[in-house]
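Okay, here's what each chain looks like letter by letter:
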Amino acid sequence: MKSARKSHAAEFAAAKTTLPMSEAPKDGTPIVARDHKGRIAQIRWCLQHELEPHERPYWGRWDTDVEFHAVEWVPTEWTMTDILEEYG
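One structure accompanies this document, and this report is about it. What you see is a predicted model; the values in this text were computed from it and never measured.

This part takes up the overall build of the protein. A tally of regular secondary structure across the protein gives 2 helices and 5 strands. Scanning the protein from its N terminus toward the C terminus, one meets helices and strands in the order α-β-β-β-β-β-α. Since a compact globule built from 88 residues should have a radius of gyration of about 12 Å, the 13 Å found for the protein is in line with a globular shape. The proportion of buried residues among the 88 residues of the protein is 35%. Long-range pairs, those at least 24 residues apart, make up 54% of the contacts in the protein between residues at least 6 apart in sequence. Surface accessibility of the protein: about 5,600 Å² in total, with carbon and sulfur atoms responsible for 54%.

What tends to happen in soluble globular proteins is that the nonpolar side chains get buried as a cluster. Counting 11 residues, the largest nonpolar core consists of Met21, Ala24, Ile31, Ala33, Ala41, Ile43, Trp45, Trp59, Phe68, Ala70 and Trp73. Where this core is concerned, the elements lending two or more residues are β2 (31–35), β3 (40–46) and β5 (70–75). Sorting elements by how many residues they give to this core places β3 first, with 3 residues. Excluding its chain neighbours within four sequence positions, the residues that come into contact with Ala70 are Met21, Ala33, Arg34, Asp35 and Ile43.

With respect to the secondary-structure elements, Arg44 resides in strand β3. What makes Arg44 buried here is its relative accessible area of 11%. At 3.2 Å, the side chain of Arg44 forms a polar contact with the side chain of Asp65.

Positionally, Thr79 belongs in the loop between β5 and α2 (80–87). Taking the C-alpha atoms as reference points, Thr79 and Ser22, 57 residues apart in sequence, are found 23 Å from one another.

For the rest of this paragraph, the subject is unusual backbone geometry. If you check the backbone angles, Asp65 has positive phi at about 65° while not being a glycine. Mapping Asp65 onto the fold places it in the loop between β4 (58–61) and β5. Relative accessible area serves as the criterion here: at 38%, Asp65 is assigned to the partly exposed category.

Glancing now at the sheet that holds β2. Taken together, the 5 strands give an open sheet; going across it, the order is β1-β5-β2-β3-β4, and neighbouring strands pair in antiparallel fashion. Each edge of the open sheet carries a strand with a single partner, namely β1 (19–20) and β4.

This part covers the packing of aromatic side chains. Any aromatic ring pair is given by two values, namely how distant the centres are and how the planes are angled relative to each other. Tallied over the full model, the rule gives 2 aromatic pairs. Between Trp45 and Trp59, the ring centres sit 5.0 Å apart and the planes meet at 65°, which makes this aromatic pair edge-to-face. Of this pair, Trp45 sits in strand β3 while Trp59 sits in strand β4, and the two are 14 residues apart along the sequence. Above the ring of Trp78, the side-chain terminus of Arg5 is found at 5.1 Å from the ring centroid. Note that Arg44 overlies the ring of Trp62, its terminal NZ or CZ placed 4.4 Å from the centroid.

Each value, and the rule that gives it
Residues numbered from 1 in each chain as written. Predicted model: local features only at pLDDT ≥ 70, side-chain atom pairs only at ≥ 80, totals over all residues. Heavy atoms only, no water. Helix = DSSP H or I, 4+ residues; strand = E, 2+ residues; numbered from the N terminus. Rg over C-alpha atoms; globule rule 2.2 N^0.38 Å. Buried < 20%, exposed > 50% of the residue type's maximum accessible area, 1.4 Å probe, protein only. Contact = heavy atoms within 4.5 Å. Areas by Shrake-Rupley, 256 points an atom, 1.4 Å probe, with all protein chains shown as cover. Core = buried A, V, L, I, M, F, W, Y, C linked by side-chain atoms within 4.5 Å. Polar contact = N/O pair within 3.5 Å; in protein donor to acceptor, adjacent residues only side chain to side chain. Pairing = 2+ DSSP bridges. Phe/Tyr/Trp six-rings, centres within 6.5 Å; stacked < 30°, edge-to-face > 60°. Lys NZ or Arg CZ within 6 Å of the ring centre and 35° of its normal.

Listed below in structure tokens is the structure:
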């Protein structure tokens, strides 16, 4: 059963401070980020061992695994269990 979770947009809006991407964790930790167009997504740094040999590490959306060009971020309250329940 899914627990009640804040949406990514609600988490971002509730943050008192946003952080620059240069300070974002690059260990696969999930974060909520905003791009230059104001779109919000839950993302993670896709590590080299997860990628094909020709790919480079990138910020990828959890829901689509598509590269996300974030400009700022906040921590997420979602746990890995929440993420696995939501995205499979």
